[in-house]
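A closer look at the structure
Here is what each chain is made of, one letter per residue.
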Amino acid sequence: MPATKDPYSVLGVDRKASSDEIKKAYRKLARQYHPDRNPGDAKSESRFKEINEAHDVLSDPEKRAALDRGDGLFGARGQSPFGAGAGGFDGGSFSDILSNLFGAGGGAGGANPRRAKPQPTRGRDLEASLQISFDQAVKGGQVPLAVPTSVRCATCSGTGARPGTSPVVCPQCGGRGIESQGQGMFSISQPCSRCGGRGTVIEDPCPTCGGTGATRSVKRYRVNIPAGVHDGSRIRLPGKGEPGQNGASPGDLYVITRVTPSPVFKQKGENLEVEVPITVVEALRGGEIEVPTLSGRKRLRIAPGTKSGTVRRLRGEGPPKLSGEGRGDIHYRFVIELPKELDKDQSKAVDALAKTMNGNPRARLFSKGARAGGGGSSATTDGDGDGGDADAEKS
């Protein structure tokens, strides 16, 4: 195919064609000359490659504008300034030409091969743990925090280059920051192995920061802890992370709260739980007892016959909700406390109680309806206090 054909001619569209018209023409031709539809046809494969390269130029507003101006690629409306075998479709690929024009830094319109404007890079986010007391978690407040971080180097102003010098275009990628490896119509791009994707390299590093553009330091903050935070809550401090490079914005600092456990209150989501011991008499008779709250004490009624594990709730007495919608609750779990040993008076009282409270509460377990396997002999066992197996003796 003649080397003078330009992308408009390849796609068969007018120079004033809209983006939709270019896209429509490209799709029609790509389907027609796709290698899968023309297996073994070298001409169709070559034509398909030209169609893709032409579309690559015309679908990019910047490249298309350069083409229309006649900058570098087509000096006179389609005439290649590189000559046959250098810039045309037959002598070389469009991707090679575009690489020279927009990335490699040489030729007409290219970047200065010695100086380059480094690409801005946003600073890294940081994460720090902050130990706070239970009261601070409930009430909130300001807590000091020291964070090891990086700050912009004062010697080179963050460029990483020795004062009086500047980073230069990476000679390996030509300032693009990527390396492409391809075979035929397919290519794979990856960050440049020399500049790490920045597009520039530092030939004369700053003596203070060694070319990193930053120095280590410790920053001190006073963190506003909102009331009601939990253990593991994340607090974001915008712009307090690592500084950005080449004028980019800094990262953020995320503070992770670590709450010292309370000896009384246990966190259960937005609520608190308190284990309240009660006596056997209180469980039997009921009554009123004092329970702790975040603001002091309150009296709570116990119903007669309260079982161990019964939970009562005080609404709105818990910590503030992080959503700002009111407060959580406090759940009080009653646990009947039994003495490990009985003195003589207690033993007499228990004996007297046993005589008045006669009856066998386990009788219903052996009723006719609940019996699983018919009659059988009875046995006496000594239960294992640790929940293990017990030896049984038949009587």
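What you are looking at is a predicted structure, and each value in this text was computed from that prediction instead of being measured.

What to know about the overall build of the chain
Helix and strand counts for the chain stand at eight helices and 17 strands. Buried positions account for 31% of the 395 residues belonging to the chain. Working note: accessible area of the chain is about 25200 Å², and carbon and sulfur atoms make up 48% of it.

Quick word on the pattern of salt bridges
The full count for this structure, using the stated rule, is 17 salt bridges. Where Arg124 meets Glu242, a salt bridge forms, and the shortest distance between an N and an O atom there is 3.1 Å. Residue Arg124 is found in the loop between helix 5 (94–103) and strand 1 (126–132), and its partner Glu242 is found in the loop between strand 8 (234–237) and strand 9 (253–259); the two are separated by 118 residues along the sequence. On the accessibility criterion, Arg124 (53% relative accessible area) is exposed. A relative accessible area of 7% places Glu242 in the buried class. Within the structure, one salt-bridge network assembled from shared partners comprises Glu288, Glu290, Arg297, Arg299 and Arg301.

Side note on the sheet that holds strand 9
Within the open sheet, the three strands sit side by side as 1-9-8. Their pairing is mixed. Edge positions in the sheet fall to strand 1 and strand 8, since each of these pairs with one other strand and no more. Sheet twist, expressed as the average angle between the axes of neighbouring strands with direction ignored, equals 30 degrees.

Some words on the environment of Arg27
Mapped onto the secondary structure, Arg27 falls in helix 2 (residues 19–33). Residue classification places Arg27 among the partly exposed residues on the basis of a relative accessible area of 47%. As for Arg27 and Leu11, which are separated by 16 residues in sequence, their C-alpha atoms are 9.7 Å apart.

Description of the state of the cysteines
Enumeration according to the criterion identifies zero disulfides in this entry. Here Cys170 stays unpaired: no disulfide links it, and the sulfur of Cys192, its closest cysteine neighbor, is 3.7 Å away. In this structure Cys206 is a free cysteine whose sulfur lies 3.8 Å from that of Cys209, the closest cysteine sulfur available.

Points about a nonpolar patch on the surface
A cluster of nonpolar residues, Val280, Leu284, Leu338, Leu353 and Met357, forms a patch on the protein surface that exposes about 460 Å² of accessible area. Position of Leu338 among the secondary structure elements: in the loop between strand 15 (330–336) and helix 8 (344–356).

Observations concerning the sheet that holds strand 14 (residues 311–314)
Read across the sheet, four strands follow the order 10-11-15-14 without closing on themselves; strand pairing throughout is mixed. One side of each edge strand has no neighbouring strand; the edge strands of this open sheet are strand 10 (266–268) and strand 14. Strand-to-strand twist in this sheet, taken as the mean axis angle between neighbours without regard to direction, amounts to 35 degrees. Sheet analysis places strand 11 (residues 271–278) next to strand 15, joined by seven bridges and oriented parallel. The residue of strand 15 that forms the bridge with Val276 is Phe334.

A word on helix 8
Along an α-helix, residues three or four apart share an orientation, since each turn contains 3.6 residues. With 13 residues, helix 8 extends 19 Å between its outermost C-alpha atoms, agreeing within 8% with the 18 Å of an ideal straight helix rising 1.5 Å per residue. Where helix 8 begins, the capping side chain belongs to Asp343, and its oxygen is found 3.3 Å from the backbone nitrogen of Asp345.

Some remarks on the layout of surface pockets
Roughly 390 Å³ of volume is contained in the second largest pocket. Considering the residues around the second largest pocket, the lining is formed by Val280, Val281, Leu284, Arg285, Leu338, Pro339, Leu342, Gln346, Ala349, Val350 and Leu353. Sorting the residues of the lining of the second largest pocket by element identifies helix 7 (280–285) and helix 8 as the ones contributing at least two each. Residues that form the lining of the second largest pocket fall into these classes: nine nonpolar, one polar and one charged.

Comments concerning the confidence of the model for the chain
Detailed reading of the predicted model is not advised wherever pLDDT is low. Of all residues in the chain, 77% attain a pLDDT of 70 or more, and the chain-wide mean is 79. A low-confidence stretch, residues 72–115 (pLDDT under 50), is modelled with 90 contacts involving residues beyond four sequence positions or located in other chains. Long-range and interchain partners of residues 390–395, a stretch whose pLDDT sits below 50, account for 16 contacts in this model, where long-range means more than four residues apart.

Let's talk about the environment of Val10
Relative to the elements of secondary structure, Val10 occurs in helix 1 (residues 7–11). The sequence separation of Val10 and Glu50 amounts to 40 residues, and the corresponding C-alpha distance is 7.0 Å.

About the criteria used
- Residues numbered from 1 in each chain as written.
- Predicted model: local features only at pLDDT ≥ 70, side-chain atom pairs only at ≥ 80, totals over all residues.
- Heavy atoms only, no water.
- Helix = DSSP H or I, 4+ residues; strand = E, 2+ residues; numbered from the N terminus.
- Buried < 20%, exposed > 50% of the residue type's maximum accessible area, 1.4 Å probe, protein only.
- Areas by Shrake-Rupley, 256 points an atom, 1.4 Å probe, with all protein chains shown as cover.
- Salt bridge = Lys/Arg side-chain N within 4 Å of Asp/Glu carboxyl O.
- Pairing = 2+ DSSP bridges.
- Axes fitted to C-alpha atoms, helices over the stretch in contact; angles between N-to-C directions.
- Disulfide = S-S within 2.5 Å.
- Patch = residues over 30% accessible without salt bridge, like charges linked within 9 Å, V, L, I, M, F, W, Y side chains within 5 Å.
- Expected span 1.5 Å × (residues − 1).
- Polar contact = N/O pair within 3.5 Å; in protein donor to acceptor, adjacent residues only side chain to side chain.
- 1 Å grid on protein atoms, 1.4 Å probe; cavity = no way out; pocket = protein on both sides within 12 Å on 5 of 7 lines; lining within 4 Å.
- Points joined across faces, edges and corners; volume = space filled by probe spheres on them.
- Nonpolar A, V, L, I, M, F, W, Y, C, P; charged D, E, K, R; others polar.
- pLDDT = per-residue confidence, 0-100.
- Contact = heavy atoms within 4.5 Å.

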